[in-house]
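Results of the structural survey
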Amino acid sequence: MAEVEAAGTGTGGSPEAGTGTGTGGGWRRPHGPLQRYYGPPAAEAAEAAPDPADINGPHFDPEVFLTKVRSECPLGQLLAREAALGREIRALDSDMQTLLYENYNKFISATDTIRKMKVDFRRMEAEMDDLAANMAAISTSSARVSAALQDRHRRGAQLAGVQALLRKLQSLVEVPGRLRRWAAPGAEPARALRCYARARAVLRHYRHLPSFCAIEDESHAIMADLAQRLRARLRDDTLDPKELTECVEMLLQLEEPPEELCEEFLGHAGARLEAELAALEAELPQADPCSTATTPPPASDILDFVDRGSSAFVGNLCLLAASYRSLFEGRPGAGDGRLEVFAATLTTRYFELLERRLALERGLGDTSLLVRALDRFHRRLRALLELLPAAGAEAGAALVARAARERVDRYLRALQTFFLGCLGDVRQALAAPRPPGKEGPGLPDLLATLASSILGQLKAVLAYVQLFTAKDVAFASLPYFKGEFCVEAVREGLVVAFVRWLCRTARGFADSPAERGAPAAPPALLLLLSRLCLDYEATTISYILTLTDEQFPPEDTGPALTPGPALCAEARGAAQRLLDHYVQVQGAAVAQMLRKSVETRDWLGTVEPRNVRAVMKRVVEDITAIDVQVGQLFEEGVRRAQSSDSSRRAFSVYSSSRAPGRYAPSYTPSAPMDTHLLSNIQKLFSERIDIFSPVEFNKVSVLTGIIKISLKTLLECVRLRTLGRFGLQQVQVDGHYLQLYLWRFAADERVVQGLLDEVAASAAHRCLDPVPMEHSVVELICERG
C-alpha cells in the first residue's frame, strides 16, 4: 500500500496541499514510472534528512503522519484532505489498472525470464560451491609446497654460505701468489693493492690462527717490497703529475707515513715546476746592468709567453693542488699549510717572470694582444685561486693593473711624441721655400690639420685603452678597473695630463729661450699655437672630457676629478702668453730694422730729404704682411672710430698746442722756444700709452701691440742721436709716411699719432738747427715715395 501511495500521490498528498501552494515546500512529483517505482536517487536520499511524516519518503510512518495532521490541521482542512486522498487513491488505482493492461505481456515475459534466471543462478551457486572446495584443496597443497620450497631455500642458502666461505678461504690461500704476480716489477701494482686491501682485514681478524698468520706475514713482505720500489720510483724526476699522484696514492694505501709522503710529493712537484719556470726564464733576454747595449727583443709575443706559462706552470700547479688535497686532506701532519706556502713561493717567482716579460713591451704594439694575454693570465689565476685562495690574488691583480697603467703611460708618451712630430711638420711647412707662383698651405689649413690629427690620435688611443674595460674581459670586473683605472689612469693620467703637457709645451715656445745654436720658433708657429690653445679652451677640452667620461664613467665616490674650467684656464693662459710673445717677437723684428736704420745713419751730415727712406717702406710692408698673417687665424676686432682726416693728418715736429692753425708746419715761430719743455707739458695732458700690455685675441689688438713696440723703439733711438736740420726733416718725412699707412692697422689711431708726436718732439729736441720742412713738400715726397 505504501508503494502504491508513493507511486500515485501527487501534490495533494501533502499536508500543505489544501492550502493551495502547488510549488512550495519539499513536495515534488517523481519523474517517470521507474523513478516512482525505485524511489529517489541514492545521493538525494543521502542528502535529505529522514522525515517520517513525508508520505513519499522511504522513512514514512503513518502514525506520525496522522498525529501531525491532526495536531496541525483544523477540521475543515482534515475533511478536505480526506476527500483529496480519496480522489488520489482512485486515480492511482485507475493508473495502475491502465499500466497493468498496457504491460501485461511484458509482465508475463519478465516472469518467465526471472524464473529462468533463478534456475541458472542456482546452477551457478552449485558450481561456485564446487569451485570453492577445489580452491581449498589447492590452497592446502600450496601451503605444503611453499613449506617445502622454504626448507629447500634455507638449505640452499646454507650450502651457498659454505661454498662462499670455501671460496674466501681459497682466495685467502691464493693471496700471496696473486700479490707476488701483480706486485712484480712492470706488472699491475694497483691491482695488487686492491687485492691486499680486501684480504687485509680478514687476515688481521684471524691472525691468531697459524695458517692465517703465515699468509699475512707472506703478504706483508710482498707489499713491503712493493713499497720500497714505489719509494724508489717516487724519486724519479721523469714522473709526470699523474704518475706522481698514483705513486703517492698507492704508498698511502700501503699505510706509509703521510708526513714523509707529503714532503716527497711537494719536493718532486716543486722540482718539476721549477724546471718549467726556468724554461720560461730562458725565453727572456738577459740584461746586463753594466752594459749600455739595448736589450734584444723577445723571441715570442706576450700572448705566446702567457699561454706557455698558463698551460705549463699554472696548469700543473692546479693539478698539484687538486691532487694534494685529494691525497692528504684530513690526514694528520699533512694539512698544516705546507701547500699554501709552497704555492705562494712559486707564484711569486712566476709573477716576477711575467713582470719582466711585460717590461720588454717597450713599444705600443698590438694592445688587443696584451689585453688577451692579461685576460688569459687572470682567468687561469682565478682557477688557481679557487683551489688556493692564498696563492697571490692581490699580487696577480696588482700585476694586471700595473701592466694596464704602464700601457696607458706609454700611450701618453706616444701622444706627446706625435704632437712634437706634428709641430715638426708644421715648422717644416712654414719654412719650406715656395716656388714662384705656387702657394703653400695657409695657416688655417695647418691649424685644421694639426688639431684634427691630435684629436683623432687621442680618440684612437682612448679606443685602444677601452679594450681594458671591455665586458668580455675577465679582469675588467676588478675594482681597480671600475674606478681607479677610469679616473686616475685614463682621465687624469692620460687625457688631463696630455692637455696640460700640450699647454706647457706650447707655452714653452714663449717662456723658454732658445738653446744656443737652436733656431727660434717662427712667429707663425707662435700664432698658430696660440690659436690652437684658444680653440682648446673654447670647445676641444670640454669635448675630450665628455668623451672620456662616456667611455670611462667615473664612480660617484671615486677620487676628485680635475674640473674642465681649470684646464680651460690653463689653455687660455698659454694662448695669451703665446700671443703676447708673438707681438714681442714681431715688434722686436720691426724695431730691429728701425734701430739699425737710426744707428747707422749720419744725422748731422745728411742731405736734404728727397724721398722716404727704404726702411720705412719695409716697415709698412712687414706690418701689412703681419696683418694678413694674423687675419688668417683671428677675428678683426673692434676699432675706435677714426677722425675724418686720419690719413691726411700732419706729422708735427712741435706740440699741437703751439700750432695756431690746423697743421703745425704752417706755423713759423717768431722766437725760439724750449721744445723739451713743451714736450713735457704735452705729456702731462696726453693719455699714457702702455707699450707691453697684454693683447686681446683679435687682429687689431695684435697689430696695435706690434706698432707700439716698433714706434717706441724708434723713439728711444732718436733720443740717443744728435740731428742736423736735414736730419730733423728726414725724421719728419719718415714719420709722416708711417702715419699715412700705420693708423689703419691700430685699434686707436691716437696711439700711433701720440708715439709719432713723441718721436718728432724728441727729434726736434735733439736737433741743432730745428727748422721743419713745409707740410706740402712732406706730402709730395710721401706721395711720390
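Structural data are supplied above this passage.
Residues numbered from 1 in each chain as written. Predicted model: local features only at pLDDT ≥ 70, side-chain atom pairs only at ≥ 80, totals over all residues. Heavy atoms only, no water.

1. A word on the packing of helix α11 (residues 302-328) against helix α12 (residues 338-359)
Their axes nearest at 12 Å, the elements α11 and α12 cross at an angle of 180°. It follows that α11 is roughly antiparallel to α12 by the angle criterion. Note on element contacts: α12 touches α11 through Arg338, Leu339, Glu340, Phe342, Ala343, Leu346, Thr347, Tyr350, Leu353, Leu354, Arg357 and Leu358, opposite Ile302, Phe305, Val306, Gly309, Ser310, Phe313, Val314, Leu317, Leu320, Ala321, Tyr324 and Arg325. The residue makeup of the contact of α11 with α12, split by class, is 17 nonpolar, three polar and four charged. (Axes fitted to C-alpha atoms, helices over the stretch in contact; angles between N-to-C directions. Helix = DSSP H or I, 4+ residues; strand = E, 2+ residues; numbered from the N terminus. Parallel < 35°, antiparallel > 145°, perpendicular 65-115°, else oblique. Contact = heavy atoms within 4.5 Å. Nonpolar A, V, L, I, M, F, W, Y, C, P; charged D, E, K, R; others polar.)

2. What to know about a nonpolar patch on the surface
Residues Leu100, Tyr101, Tyr104, Phe107 and Ile108 make up a contiguous nonpolar surface patch of about 550 Å² in total accessible area. Put simply, the parts of the chain that give the nonpolar patch at least two residues each are α5 (75-102) and α6 (104-182). If you trace the backbone, Tyr101 turns up in helix α5. By relative accessible area, which is 65% here, Tyr101 ends up exposed. (Patch = residues over 30% accessible without salt bridge, like charges linked within 9 Å, V, L, I, M, F, W, Y side chains within 5 Å. Areas by Shrake-Rupley, 256 points an atom, 1.4 Å probe, with all protein chains shown as cover. Salt bridge = Lys/Arg side-chain N within 4 Å of Asp/Glu carboxyl O. Buried < 20%, exposed > 50% of the residue type's maximum accessible area, 1.4 Å probe, protein only.)

3. Regarding the environment of Thr548
If you trace the backbone, Thr548 turns up in helix α18 (residues 523-551). For Thr548 and Leu462, which are 86 residues apart along the polypeptide, the C-alpha to C-alpha distance reads 7.6 Å. Non-local contacts of Thr548, meaning those with residues more than four positions away in its chain, are made with Leu462, Val490, Arg491 and Val495.

4. A closer look at the pattern of salt bridges
One pass over the structure, following the stated rule, counts 24 salt bridges. Note that Arg349 and Glu281 form a salt bridge whose closest N and O atoms lie 3.2 Å from each other. Taken as a pair, Arg349 in helix α12 and Glu281 in helix α10 (residues 258-282) lie far apart in primary sequence, 68 residues in all. Looking at Glu281, the relative accessible area reads 25%, which means it is partly exposed.

5. A word on the state of the cysteines
Under the counting rule described, the total for this entry stands at zero disulfides. Cys568 forms no disulfide, and the closest cysteine sulfur to it belongs to Cys503, at a distance of 9.2 Å. Since its relative accessible area comes to 16%, Cys568 is described here as buried. (Disulfide = S-S within 2.5 Å.)

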